[in-house]
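What the coordinates show
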Amino acid sequence: MTTNLKAADLVQADRVHTSLYTSAEIFDEEMSKIFESTWVWVAHESEVPEAGSYKNTFVGKQPVIVVRDRKGEIRVLLNRCRHRCATVCEGKKGKTQSFVCPYHGWAFGLDGALRNVPYEGSYGSEGLDKKLFPLPGLRVESYQGMVFATFKEDIEPLVDYLGPAKKWMDLFMKQGAGYGIEVPGEQRFRFPGNWKIQLENTTDAYHFPLVHKSFLTTLDPQALDTFSFMEGDGFVEDLGNGHSVMVMIPELVDLEAHLDQPIPERFAELAAELAKQGLDDLKVRKIVRAVGGTGFNLNIFPNIACSMAFFRVLRPISVEETEIHHSVINMKDGPEIANQYRLRLHEYFQGPLGFGTPDDGEAWCRVQAGVHACGREEKDKWIMVNRGLPIEKQGADGPRSDVTGETGMRAAYQQWKKLMSA
Amino acid sequence: MSLQTLHEVTAFLWQEADLLDHKEHDAWIALWEESGRYIVPIDPESTDYANTLNYSNDDHAMRKMRAHRLRSGEAVSTTPAPRTARSTSRIVILKEDGDTIVVRAAQNLREFHKDRFRHYTSNIEYTLKRAGGSFKIAQKVIRLLNSDDAIASIGYIL
Ligand code: FES
Ligand SMILES: [Fe+2]
């Protein structure tokens, strides 16, 4: 590390060191000690619906293919031909029978097995021992349709790693309103800043009224009231293993509760249309509540958040560049009109042309620009994450502070420290 | 299809481009039919904009809110506002049906924001309706060439 401090010193209880955002050496170490050593989110199962459906993504810096094989199992394979390294799969998503390398034609099955090598005679009369050259697969496990992969064969089972985050994932999936959920698309954008700036932001309610003022002013009074949560009963709680939850709107934690409450004005037309389609009142209420999304953000270390109504995925590009995907969530085979509402609500706030995301992005750019003003002395090189620390109390699963507290960031940085010290 | 129509359409699109580059948003909104949609798709093949995720799919109310957001001074991403100059060219009339004209054009847009230039190239499809000696926009679909890649924030109207 470029600084003479060790991982253990770079993260303190209430602050983290500037070099966490600026050191290329630390970034490289993060790729191996964090992204290649823990469970990393790779897909929602709906993104690879059938045998042969694939999605190209990354675990840290390594390109991987998420693919459903012929038996219906989801595999995560390294996207590298075992001959001389060409990628065997291109495009963000698609469907294929097999992976044929474009360079010399080695052909791999959906399970990664090497099936065919052109002009094999040159490898001798026995040919090539094909079972020695499959596309290597990562360990894959999923929970609630969310698929995670890891390079670390002996890591704890995913469900243990998630721990108390699981119950929040259960709550999050109630947005399916009984239909189940699917991810039909995402917006992708990049910002010039370190990946942990985005990680922090998912449990940062503190920025909301200022950064998202231009969004808030477009809301009707009822919606504005819902989004005025700064001094409400919300909280941030450390869920262990770097995960945390930020509850902004407590009445929207359980989308199947409070179904008797009046339907918000902005969804009145939707409710009327659903009723017209013959859905009973309870179902209408359930769908309408689901359309609005949940009232919390769940941060799952290191790269995925269940953020109110969508998945927020981060991908580290370099120490000072990060790619973000905002994946929209629809009700699988749900009423078209309800899904259209969800799509339009997503476009409203999210993505590079939304009314919210660009302002987040600008704030993060400013963080990355400002972090270089770090003086010469150690005392000037710290990033403060102490908000809410003095009022933290034990919550259901870990330390809990008010909704604007930085408890979620402290949770993530303690996990960072643990993995980076290994 | 007459050259006269092409001239009229060209003049209209240049006027629109000029309004947008000079941030005359109220005048731009007045160019629209109220039922019109301003759409920036993600999927280059998409035509079912209602049932797919876009970057934006604005109705009249959203267009007005977007314009307001861009000049309100409340959005840190557009303060200072990006400066843009766009060239609209290769204007072709695809279809003329009564008062409705479908047009396709290429747009090269250069943006300067704070300390950097960006370049966005798009194919734009317009549905125009003849009205009062000019046109109203019934639909504008902006297909960024790199729409399915990761892009940066766009703090203006394309
Ligand atoms: S690099 Fe793939 S077949 Fe040669
Ligand atoms: Fe935000």
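Report on the accompanying structure. (Residues numbered from 1 in each chain as written. Chains lettered and ligands numbered in written order. Predicted model: local features only at pLDDT ≥ 70, side-chain atom pairs only at ≥ 80, totals over all residues. Heavy atoms only, no water.)

Counting secondary structure elements, chain B contains 3 helices and 6 strands. What you see for chain B is a C-alpha radius of gyration of 15 Å, in line with the 15 Å of a compact globule of 158 residues. For the C-alpha atoms alone, the extent of chain B along its principal axes is close to 45 × 30 × 30 Å. When the 158 residues of chain B are sorted by exposure, 49% land in the buried category. Considering only residue pairs separated by 6 or more positions, chain B has 56% of its internal contacts joining residues 24 or more positions apart. Accessible surface for chain B amounts to roughly 7,200 Å². Of this, 50% is attributable to carbon and sulfur atoms. Chain B carries 21 positive and 22 negative side-chain charges, and their two centres are separated by 4 Å. (Helix = DSSP H or I, 4+ residues; strand = E, 2+ residues; numbered from the N terminus. Rg over C-alpha atoms; globule rule 2.2 N^0.38 Å. Buried < 20%, exposed > 50% of the residue type's maximum accessible area, 1.4 Å probe, protein only. Contact = heavy atoms within 4.5 Å. Areas by Shrake-Rupley, 256 points an atom, 1.4 Å probe, with all protein chains shown as cover. Lys, Arg positive; Asp, Glu negative; His and termini not counted. Charge placed at Lys NZ, Arg CZ, Asp CG, Glu CD.)

All names here are of chain A. Donor atoms from the polypeptide that coordinate the iron ion (ligand 2) comprise His-207 (NE2), His-212 (NE2), Asp-360 (OD) and Asp-360 (OD), at 2.0 to 2.5 Å from the metal. One way to put it: the 4 donor atoms around the iron ion (ligand 2) meet at angles of 56 to 149 degrees, and that makes the site irregular. If you list the donors of the iron ion (ligand 2) from N- to C-terminus, the spacing comes out as H-x4-H-x147-D. Here His-212 is found in the loop between α7 (208–211) and α8 (213–216), whereas its partner Asp-360 is found in helix α13 (residues 357–370), with 148 residues between them in sequence. On the basis of relative accessible area, His-212 is assigned to the buried category, the value being 1%. (Donors = N, O, S within 2.8 Å, 3.2 Å for Na, K, Ca; no water. Tetrahedral: all angles 85-135°; square planar, octahedral: opposite > 155°, others 65-115°.)

Another point: the packing of aromatic side chains. Per the stated rule, a full pass over the model turns up 21 aromatic pairs over all chains. Pairing A:Trp41 with A:Phe311 gives two aromatic rings, centres 6.2 Å apart and planes at 35 degrees, and the pair type is tilted. Of this pair, A:Trp41 sits in strand β2 (residues 40–44) while A:Phe311 sits in strand β17 (residues 310–318); the two residues are 270 residues apart in sequence, bridging distant segments of the chain. For the pair A:Trp41 and A:Phe311, a shared accessibility class is recorded, and that class is buried. A ring pair is formed by B:Phe12 and B:Phe135, whose centres lie 5.5 Å apart and whose planes are at 65 degrees; its orientation type is edge-to-face. One end of the pair, B:Phe12, is in helix α1 (residues 3–21); the other, B:Phe135, is in strand β6 (residues 134–144), and 123 residues separate them in sequence. Taking relative accessible area as the criterion, B:Phe12 reaches 2% and is therefore assigned buried. Residue classification places B:Phe135 among the buried residues on the basis of a relative accessible area of 6%. An aromatic cluster of at least three residues, connected via ring pairs, comprises A:Phe208, A:Phe215, A:Phe227, A:Phe229, A:Tyr348, A:Phe349 and A:Phe355. The ring of B:Trp32 has B:Arg63 lying over it, and the distance from NZ or CZ to the ring centre is 4.0 Å. (Phe/Tyr/Trp six-rings, centres within 6.5 Å; stacked < 30°, edge-to-face > 60°. Lys NZ or Arg CZ within 6 Å of the ring centre and 35° of its normal.)

On to the sheet that holds strand β8 (residues 107–108) of chain A, then. Residues and elements named next belong to chain A. As summarised here, the arrangement of the 3 strands in space is β7-β8-β9, forming an open sheet in which the pairing is antiparallel. Here the strands that pair on one side only, and so sit at the sheet edges, are β7 (99–100) and β9 (114–116). Relative to β9, β8 is paired through 2 bridges, and the arrangement is antiparallel. Paired with Ala-107 across the two strands is Asn-116, which belongs to β9. (Pairing = 2+ DSSP bridges.)

Turning to unusual backbone geometry, a few remarks are in order. Put simply, A:Phe301 and A:Pro302 share a cis peptide bond, and its omega is 0 degrees. You can see A:Pro302 is positioned in the loop between β15 (296–300) and β16 (304–307). Cis geometry is found at the peptide bond from B:Thr79 to B:Pro80, where omega equals 0 degrees. Unlike most non-glycine residues, A:Cys85 shows phi in positive territory, near 85 degrees. Here A:Cys85 is to be found in the loop between β5 (74–78) and β6 (93–95). Look at A:Cys85 and you get partly exposed, because its relative accessible area is 38%. Residues other than glycine seldom take positive phi values, yet A:Ala177 does so here, at roughly 50 degrees. Here A:Ala177 is to be found in the loop between α5 (165–172) and β12 (181–191).

Right, let's talk about the nonpolar core for a bit. Residue and element names in this part refer to chain A. Residues Met-146, Phe-148, Trp-168, Leu-298, Phe-311 and Trp-416 are the most contacted members of the largest nonpolar core, which totals 73 residues. In terms of residue count, helix α14 (residues 407–421) provides more of this core than any other element does, 6 residues in total. Each of domain 1 (7–38 + 160–420) and domain 2 (40–143) gives at least three residues to this core. Here Trp-168 is in contact with Phe-235, Leu-239, Val-245, Val-247, Val-253, Phe-296 and Leu-298, once residues within four sequence places are set aside. (Core = buried A, V, L, I, M, F, W, Y, C linked by side-chain atoms within 4.5 Å. Domains from an automatic or database assignment.)

This part takes up the packing of helix α3 (residues 24–35) of chain A against α14(A). All names here are of chain A. Axis separation between α3 and α14 bottoms out at 9 Å; the angle between their running directions is 85 degrees. Between α3 and α14, the angle is such that the two are roughly perpendicular. Where α3 abuts α14, its residues Ile-26, Glu-29, Glu-30, Lys-33 and Ile-34 lie against Trp-416, Leu-419 and Met-420. The residue inventory of the contact of α3 with α14, partitioned by class, reads 5 nonpolar, no polar and 3 charged. (Axes fitted to C-alpha atoms, helices over the stretch in contact; angles between N-to-C directions. Parallel < 35°, antiparallel > 145°, perpendicular 65-115°, else oblique. Nonpolar A, V, L, I, M, F, W, Y, C, P; charged D, E, K, R; others polar.)

Contacts between the two partners involve 29 residues from chain A and, on the opposite side, 31 residues from chain B. Between chain A and chain B lies a buried interface of about 2,700 Å² when both sides are counted; carbon and sulfur atoms form 56% of it. For the chain A face of the interface with chain B, the top three residues by lost area are A:Glu347, A:Leu353 and A:Phe355, together amounting to 25%. Scanning the region where chain A abuts chain B turns up 3 salt bridges. A salt bridge links B:Glu74 to A:Lys213, with the shortest nitrogen-to-oxygen separation between them at 3.5 Å. One can count 18 residue pairs in polar contact (both at pLDDT 80 or more) joining chain A with chain B. Of all the secondary structure elements, the ones that give two or more residues to the side of chain A that touches chain B are β12, α8, β18 (321–331), α12 (336–349) and α13 of chain A. Of the residues forming the side of chain A that touches chain B, the biggest block, 7 residues, is contributed by α12(A). Residue composition of the side of chain A that touches chain B, grouped by class: 8 nonpolar, 9 polar and 12 charged. (Buried area = accessible area lost by both parts, 1.4 Å probe. Salt bridge = Lys/Arg side-chain N within 4 Å of Asp/Glu carboxyl O. Polar contact = N/O pair within 3.5 Å; in protein donor to acceptor, adjacent residues only side chain to side chain.)

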